[in-house]
Structures are given as C-alpha cells and as structure tokens.
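An overview of the molecular structure
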Amino acid sequence: MPGVTDVGRLTTTERSDRLSASGFRTNYADPVFWWREREPGVGPRFGVDWAITDRSGGTSTGSYAALNLGAHVADDPAAVARNRSRVAHALDLEPDDLRFMRQVHGCGVSVVDRERHDPTLEADVMITDDPDVALVVLVADCTPVLLLDRTEGLAAVAHAGRVGFTNGVVGAALNALRDRGARDIEAVVGPSVCPRCYEVPADLREAAAAASPAAYSVSATGTPAIDVAAGVVDHLQAAGVTVTWLPGCTREEESLFSHRRDGVTGRFAGIIRLLPPEDAA
Ligand SMILES: [Zn+2]
C-alpha cells in the first residue's frame, strides 16, 4: 500500500526465528516489548516513546501467560498489577503514570493527564498533552492505533476493532486531536488479526466495506473476511496522516495474545508517551 512505512525487521519469520532462538515457549522472562521506539524531542518539537508490548516478560500463568495487561479477563489481579508495573518501569515510569480506559468498542473520547484520570470511564480513544503520563490501549486481535502531533505536543490512542472501525473510531480520534489544535499527525498502527484469519458473515463484511473498501477481504479458505487494519490505515491516510503500519498477525504470532486463536487469553498493549521538547529539557 503506497505511503505506508513497512517495518521490515518485524516480519513474522524473523520474529519467530528470534523467539525460538530465545526459547520463547518455555521462557517468559524476556522481552516486555514486541516493538518500541524512543525518539527524544528535537528543538521545539516534542519527542515520543511508543511501543507495542509482547506476550513474554510477565508473571501471569496459564491462558494469560505471561505479560497479560488486561484487568477484565479473569486473570489474577496481583499478576496483572505486577505486569503493569514491569511495563511502567521499562518505560521509566511508575505504575500510576499509566492511563487505561474501559474499552467498549465505541467512539467515545477521554482526555486525561496527571490529575485527570477515571479508569472506569467508557472510552475507546484517549488523548493527552501531558508528558508525565503514558496512554495504554489493550488488544488481543483488535487494531491498536497510536497517534502523535510533535509540534502541538498531543498524543492519543485508539481501540479499533471491527465494530469501532465500522462506526468511525479513527475519525473520532482525529477530530478530537484536531479540535485541540493538531495539524501534523502521524500514526503507528500495531499488529492485529489479519484478514486471512478473520472470517466473518457476509453482512459484517459489507458493513466494514461501507466504512472503507480497503476493509473488504477474503479469508484463507475463501470465505468473507474483514481487514480492519487496512481500513484503519485507509481512514488515516485519507485524512492526511503519515502512517507506520507494523506488520504481524495476532492469530499467527504466538508472541501476541489472540482472542480468535485462544478464546480465553490475555491482552497486550499499544502505548504512547510524549517526551518534552529539547528546549524544555
Ligand atoms: Zn493471520
């Protein structure tokens, strides 16, 4: 797809090789992050620390092994708290600095900062201008979207599953950012279930295709399917956003949680944190 930066080092094969070399299946000790880039602020422009978490690096067991960050999936709350703490510390933050939302496959927007935070608030988009907090979106097949305006110093996350995408959650996030002054927005679109693995009834495919023709797809067995991530990327690009799409299918990659693959399972995260401009340091 033109205009999309393909992060080649994250191909499924290379990742699988790395994971098997590190004994992934029996050793959950290692990576906290599946992908991470930390870019300091330059001059008056804000920097960013953004990441996708891995399944390894946590303390949950069984179906939730190991770095489950979801507190709503019947995992041991103490293990989830330890896992969230590990992620916070890996980002040079404290656990209280992470901002979660109660995701409901809607288009609601929550504005948060150091003082403002209500984790019980239903939302599928979070926005902040505060470098002291990191925004977290939890997924296990849905598409995590990280959004950034380095000039205005605005960051956002969006939870784009089939329902949210079809109902316009990407547009809701972009509108909320632009209402706050964002003009030059860039995005990272994280791994999600790929269309080969995402068979749906024909009417759901039609609804998704109405939201974006890019979402119309066919599964590995030739049945109707949806490519949510392609639809998300289409919405972002149509709005002039610069997109980095991290390849990877959650159902095919054992290093990521997948609801379609496992049913009872944990959640991994897309995370974004603003870093202050160089001038402010
Ligand atoms: Zn797949």
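Side note on the overall build of the chain
- Within the chain, the regular secondary structure consists of seven helices and 14 strands.
- Within the chain, buried positions represent 50% of all 281 residues.
- For the chain, long-range pairs separated by at least 24 residues make up 62% of all intrachain contacts whose partners lie at least 6 apart in sequence.

Regarding the sheet that holds strand β4 (residues 98–99)
- One open sheet accounts for five strands, arranged β2-β3-β14-β7-β4; its pairing is mixed. The two strands at the open ends of the sheet, each matched to only one other strand, are β2 (33–39) and β4.
- In terms of strand pairing, β4 meets strand β7 (residues 134–139) through two bridges, oriented parallel. From the neighbouring strand, R99 faces β7, where its bridge partner is L135.

Concerning unusual backbone geometry
- Cis geometry is found at the peptide bond from A65 to A66, where omega equals -5°.
- Position of A66 relative to the elements: it lies in the loop between β3 (47–53) and α2 (77–90).
- Even without being glycine, A74 reaches a positive phi, approximately 70°.
- Note on placement: A74 falls in the loop between β3 and α2.
- Since 10 C-beta atoms lie within 10 Å of it, A74 is described here as exposed.

Brief notes about the confidence of the model for the chain
- When pLDDT is averaged along the chain, the result is 91, and 89% of the positions lie at 70 or above.
- Counted against residues more than four places away or in other chains, residues 1–13, with its pLDDT under 50, gives 21 contacts.
- Predicted confidence for residues 18–28 stays below pLDDT 50, and this span has 11 contacts to residues more than four positions away or in other chains.

Describing the nonpolar core
- Formed by 82 residues in total, the largest nonpolar core has its most connected members in V145, L147, A156, A158 and A173.
- In contact with A156, other than residues within four places in its own chain, are V125, M126, I127, L135, L147, A173 and L177.

Quick notes on the environment of R183
- Along the chain, R183 turns up in the loop between α4 (169–179) and β10 (186–189).
- Accessibility expressed as a C-beta count within 10 Å gives 11 for R183, which makes it exposed.
- Once the C-alpha coordinates of R183 and E152 are considered, the two residues, 31 residues apart in sequence, prove to be 7.9 Å apart.
- Beyond its immediate stretch of four places on either side in the chain, R183 contacts D149, T151 and E152.

Thoughts on helix α5 (residues 202–211)
- Every buried residue of α5 is accounted for by R205, A208 and A211. One side of α5 holds all its buried residues, which, seen down the axis, span an arc of 115°. In α5, the exposed positions that point more than 90 degrees away from the buried face belong to A202, D203 and A210.
- For α5, the elements touching its buried residues are α3 (162–167), β11 (216–218), β12 (224–226) and α6 (228–238).

Examining the pairing of strand β8 (residues 143–149)
- Where burial is concerned, most of β8 is hidden: seven out of the seven residues are buried.
- The antiparallel hairpin formed by β8 and strand β9 (residues 154–160) contains four residues in its connecting segment, where G153 sits at a positive phi of about 70°.
- When β8 meets β10, the two strands line up antiparallel, connected through four bridges. Its bridge partner being in β10, V145 is matched across the sheet by V189.

What counts, and where the lines are drawn
Residues numbered from 1 in each chain as written. Predicted model: local features only at pLDDT ≥ 70, side-chain atom pairs only at ≥ 80, totals over all residues. Helix = DSSP H or I, 4+ residues; strand = E, 2+ residues; numbered from the N terminus. Buried ≥ 20, exposed ≤ 12 C-beta atoms within 10 Å, placed from the backbone. Contact = placed C-beta atoms within 7 Å. Pairing = 2+ DSSP bridges. pLDDT = per-residue confidence, 0-100. Core = buried A, V, L, I, M, F, W, Y, C linked by C-beta atoms within 7 Å. Arc of directions from axis to C-beta.

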